[in-house]
Number of protein chains: 2
Amino acid sequence: MRELLRVTPGAGPVDLAGVDPRSTPGLPSVAGSRPKEWARKQVGLLGAELGRQQEMLYASAKAATGAQAPASAPSQAGAYLAGGRPRRVLLVLQAMDCGGKDGTIKRVAGAMNPLGLHIRSFGPPTEEELRHDFLWRIRRALPPPGYVGIFNRSHYEDVLIGRVESLVDEATWRGRYDAMNAFERELADNSVTLLKVMLHISYAEQGERLAERLTDPTKHWKYNPSDLDTRARWDDYQAAYAEALRRCDTDAAPWFVVPADRKWYRDWAVAQLLRETFDALDLGYPAADFDVERERLRLRSESRRMKVNGG
Amino acid sequence: MRELLRVTPGAGPVDLAGVDPRSTPGLPSVAGSRPKEWARKQVGLLGAELGRQQEMLYASAKAATGAQAPASAPSQAGAYLAGGRPRRVLLVLQAMDCGGKDGTIKRVAGAMNPLGLHIRSFGPPTEEELRHDFLWRIRRALPPPGYVGIFNRSHYEDVLIGRVESLVDEATWRGRYDAMNAFERELADNSVTLLKVMLHISYAEQGERLAERLTDPTKHWKYNPSDLDTRARWDDYQAAYAEALRRCDTDAAPWFVVPADRKWYRDWAVAQLLRETFDALDLGYPAADFDVERERLRLRSESRRMKVNGG
């Protein structure tokens, strides 16, 4: 899946128009004639597996920071610690309005254990955030070791809306690609495994989803009149996306484009990408950092004491 | 459920020993002879309903803070805003070790939308936290408007472990009950709906769960030798719980005791308490704060423009 959906590495421009938002790359033939039902079921199964992986990630962080763990313990933990530090995974989701970021989180993250998730949404920067470098608020939102972070929008907005709406001058946004690559390189060197995903929808599909938000009163709250101003600049945004994907697709932090007109494919593809990301980490449960047999004896003796005392 | 599980209000001491941790108060007769299967299924159904409620809560906050919303808009929002501010719900989970806090979060919060959850776990205070008042770190962890917060342990630890292990002198922990009541009163006055739940397990059940953590290598990471030291002071902790529940059960922030030896009952009871908490808020979707018809026309005109331009 990673090979199929990764932005073609190299110097050439990224051709978003060449990716059909209704296509379903990698969908196996076993999906048969009812691919939607198949994919929904797979997301459930993948969710259980992601939950298991997530628990191992969480466990490794807990073991690594536990007060009991001697620094030199010959633990399996070493295998999945980067430079001795427990790993964290960060899924960055970007998309045009109605692209399905919220839906993906609901379906894919919803299948995982909320205790190990660290989800952050980025809206327009606050006054305080504007007083800092554009990466300041991003750094503060990084997942702790052992967690799976999800960014609902991200620093990429600063070369998307920031560029298209001329929120900053051209020299400023042009300088951000390098700053972002350096930042992501730094994250990768510090135990963060990045998975950057653009959910790619078509102009027509966005129109249908916006119309639905205007028709269904339980969806009015998702609509904002400014969405149409953004829609009017569709081509400019697609161009800004294409350049961001080209400039910031690196081996340390690759970009993936998921065709997203079909929600069931989108959810399955993102779950699959996450699964492959986890698999590459080769996680396992940490070995005990205490004497298991001795603790068993202590437990038995403590329970007996209570019984004798009539507890 | 609230009536059945609430700590008896009034001046009398709370009798935790009088609550059977294996009991299943409120379990309806329709649960029949396979109550576990029934309860698991109900938690799934309740989860969907909680997800719907949670979305309305989230929507109300978004509508209330939306830049488009005129301050005087005659919106339904008023019905579920406290003093004009969108509500937030805060579930506080307390339990002895192995009491099932993590499991409850996995099962009950796991059935909800992670996007609207704000989960915080409290471990031993950091050096920075110790330099502040004991409520400082709690305040920083409150859910934003529109979110469902879950505290995995809480400020109550400061009158539980803080008392039993003599981390502070008696005058200090004795003074905390009033401070906590004042704090929770303040929260209630500021749009936070509190649901405080103690998951009540038996000494025997804790012993079995600890033994399992010592037997299953994929559970070793959940075990800490200090758990047995805490277990050795079981009666002291039960007494500390009883006093905390008695002193801090208020109408603004009531305490509930959920028998928790049976995990399926525990999950169902907590989901049910959450559901009743939501129902009492009488949530609804906010009305549009824009002219729906006008936006429909704008959308049609924008989509036509793109078509003409060959987009």
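Residues numbered from 1 in each chain as written. Chains lettered and ligands numbered in written order. Predicted model: local features only at pLDDT ≥ 70, side-chain atom pairs only at ≥ 80, totals over all residues. Heavy atoms only, no water.

Side note on the overall build of chain A
Okay, so step 1: When helices and strands are counted, chain A shows 12 helices and 7 strands.
Okay, so step 2: Seen through its C-alpha atoms, chain A measures out along the principal axes to roughly 75 × 50 × 40 Å.
Okay, so step 3: Within the span of chain A, comprising 311 residues, buried residues form 52% of the whole.
Okay, so step 4: The contacts in chain A between residues at least 6 apart in sequence include a share of 83% that link residues at least 24 apart.
Okay, so step 5: Surface exposure of chain A reaches about 13900 Å², of which carbon and sulfur atoms provide 49%.
Okay, so step 6: Charge separation in chain A, taken as the distance between the mean sites of 45 positive and 42 negative side-chain charges, equals 7 Å. (Helix = DSSP H or I, 4+ residues; strand = E, 2+ residues; numbered from the N terminus. Buried < 20%, exposed > 50% of the residue type's maximum accessible area, 1.4 Å probe, protein only. Contact = heavy atoms within 4.5 Å. Areas by Shrake-Rupley, 256 points an atom, 1.4 Å probe, with all protein chains shown as cover. Lys, Arg positive; Asp, Glu negative; His and termini not counted. Charge placed at Lys NZ, Arg CZ, Asp CG, Glu CD.)

So, the sheet that holds strand β7 (residues 255–259) of chain A
All names here are of chain A.
Okay, so step 1: Read across the sheet, 5 strands follow the order β4-β5-β3-β6-β7 without closing on themselves; strand pairing throughout is parallel. The strands lining the two open edges of the sheet, one partner per strand, are β4 (117–121) and β7. Adjacent strand axes in the sheet meet at a mean angle of 20°, parallel and antiparallel pairs treated alike.
Okay, so step 2: Where helix α11 (residues 263–281) meets the sheet, its contacts fall on β3 (88–95), β5 (148–152), β6 (192–200) and β7, and the angle it forms with β6 comes to roughly 165°. (Pairing = 2+ DSSP bridges. Axes fitted to C-alpha atoms, helices over the stretch in contact; angles between N-to-C directions.)

A few points about the sheet that holds strand β3 (residues 88–95) of chain B
All names here are of chain B.
Okay, so step 1: Pairing is parallel across the open sheet formed by 5 strands, whose spatial order is β4-β5-β3-β6-β7. Every interior strand has two partners, whereas the edge strands, β4 (117–121) and β7 (255–259), have only one. On average, each strand axis in the sheet is tilted by 20° relative to the strand beside it, whichever way the strands run.
Okay, so step 2: Here β3 pairs with strand β6 (residues 192–200) via 8 bridges, running parallel. Of the residues in β6, the one forming a bridge with Val 89 is Thr 193.

Section: the packing of aromatic side chains
The description of an aromatic ring pair uses the distance of the two centres, along with the angle that the planes make with each other.
All names here are of chain B.
Okay, so step 1: Enumeration over the complete set of coordinates arrives at 18 aromatic pairs over all chains.
Okay, so step 2: Plain terms: the ring middles of Tyr 58 and Tyr 147 are 5.6 Å apart, the flat faces sit at 70° to each other, and that makes the pair edge-to-face. Of the two residues, Tyr 58 is situated in helix α2 (residues 35–65) and Tyr 147 in the loop between α5 (136–140) and β5 (148–152); the sequence distance between them amounts to 89 residues. Note on accessibility: Tyr 58 and Tyr 147 belong to one class, buried. (Phe/Tyr/Trp six-rings, centres within 6.5 Å; stacked < 30°, edge-to-face > 60°.)

Quick word on the environment of Gly149(B)
Residue and element names in this part refer to chain B.
Okay, so step 1: By the secondary structure assignment, Gly 149 is in strand β5.
Okay, so step 2: Placed 60 residues apart in sequence, Gly 149 and Val 89 show a C-alpha to C-alpha distance of 6.0 Å.
Okay, so step 3: Filtering out sequence-adjacent residues up to four positions away, Gly 149 remains in contact with Val 89, Leu 90, Leu 91, His 118 and Pro 143.

Thoughts on the pattern of salt bridges
Okay, so step 1: If you walk through the whole model with that rule in mind, you get 54 salt bridges over all chains.
Okay, so step 2: Taking the shortest distance from any N to any O, the salt bridge between Arg163(B) and Glu243(B) comes out at 2.8 Å. One end of the pair, Arg163(B), is in helix α6 (residues 161–164); the other, Glu243(B), is in helix α10 (residues 234–248), and 80 residues separate them in sequence. Taken as a pair, Arg163(B) and Glu243(B) share a single burial class, namely buried.
Okay, so step 3: When salt bridges with common partners are traced through the structure, they connect Arg163(A), Glu170(A), Arg174(A) and Glu243(A) into a single cluster. (Salt bridge = Lys/Arg side-chain N within 4 Å of Asp/Glu carboxyl O.)

What about the relation of the copies chain B and chain A?
Okay, so step 1: Expressed as a screw transformation, the operator carrying chain B onto chain A has a rotation angle of 180° and an axial translation of 0.0 Å, and the superposed copies differ by an RMSD of 0.0 Å. Taken together, these values place the two copies in the relation of a two-fold axis.
Okay, so step 2: Mapped onto chain A, 100% of the interface residues of chain B are again interface residues, and the two copies thus contact each other with one and the same surface. (Least-squares fit on C-alpha atoms with pLDDT ≥ 70 in both.)

Looking at unusual backbone geometry
All names here are of chain A.
Okay, so step 1: Phi at Ser 191 takes a positive value of approximately 75°, unusual for a residue other than glycine.
Okay, so step 2: Counting through the fold element by element, Ser 191 comes out in the loop between α7 (170–189) and β6.
Okay, so step 3: One non-glycine residue, Asp 282, adopts positive backbone phi at about 55°.
Okay, so step 4: Among the structural elements, Asp 282 can be located in the loop between α11 and α12 (292–308).

Some thoughts on the pairing of β7(B)
Residue and element names in this part refer to chain B.
Okay, so step 1: Of all 5 residues making up β7, 5 are buried, and the element is well covered by its neighbours.
Okay, so step 2: On β7, burial covers both faces: Trp 255, Val 257 and Pro 259 on one face and Phe 256 and Val 258 on the other are all buried.
Okay, so step 3: As defined by bridge partners, β6 adjoins β7 across 5 bridges and the pair is classed as parallel. When the sheet's bridge partners are listed, Lys 196 is paired in β7 with Trp 255.

Overview of the pairing of β5(B)
All names here are of chain B.
Okay, so step 1: With respect to burial, β5 is a largely interior element, 5 of its 5 residues being buried.
Okay, so step 2: Burial along β5 is two-sided: Val 148, Ile 150 and Asn 152 facing one way and Gly 149 and Phe 151 facing the other are all buried.
Okay, so step 3: Sheet topology places β3 next to β5; 5 bridges connect them, and they run parallel. Looking at the pairing, Val 89 lines up with Val 148 of β5.
Okay, so step 4: With 5 bridges connecting them, β4 and β5 associate as parallel partners. Looking across to β5, one finds that His 118 is bridged to Gly 149.

Some details on the nonpolar core
Okay, so step 1: Val197(A), Val258(A), Phe278(A), Val197(B), Val258(B) and Phe278(B) are the most contacted members of the largest nonpolar core, which has 184 residues in total.
Okay, so step 2: Sequence-distant contacts of Phe278(A), defined by excluding residues within four places in its chain, comprise Leu50(A), Gln53(A), Gln54(A), Leu57(A), Val89(A), Met112(A), Val148(A) and Leu283(A). (Core = buried A, V, L, I, M, F, W, Y, C linked by side-chain atoms within 4.5 Å.)

A word on the confidence of the model for chain A
Okay, so step 1: In the predicted model, chain A carries a mean pLDDT of 90, and 92% of its residues have values of at least 70.
Okay, so step 2: Across residues 67–83 of chain A the pLDDT falls below 50, and counting only partners more than four positions away or on other chains, this stretch makes 20 contacts in the model. (pLDDT = per-residue confidence, 0-100.)

Side note on the interface of chain B and chain A
For an interface, size is often stated in terms of accessible area lost upon the parts coming together.
Okay, so step 1: Tallying the contact residues gives 50 residues for chain B and 50 residues for chain A.
Okay, so step 2: A per-residue breakdown of the area chain B buries against chain A is headed by Leu115(B), Trp221(B) and Leu299(B), which together make up 16% of the total.
Okay, so step 3: Here chain B is connected to chain A by 2 salt bridges.
Okay, so step 4: The partner of Arg298(A) in a salt bridge is Asp229(B), and the shortest N-O contact between them spans 2.8 Å.
Okay, so step 5: For the pair chain B and chain A, the number of links is 14 residue pairs in polar contact (both at pLDDT 80 or more).
Okay, so step 6: Elements with a minimum of two residues in the side of chain B that touches chain A: α2, α3 (101–108), β4, α8 (203–215), α9 (226–232), α10 and α12 (292–308) of chain B.
Okay, so step 7: Top element by residues in the side of chain B that touches chain A is α12(B). It accounts for 9 residues. (Buried area = accessible area lost by both parts, 1.4 Å probe. Polar contact = N/O pair within 3.5 Å; in protein donor to acceptor, adjacent residues only side chain to side chain.)

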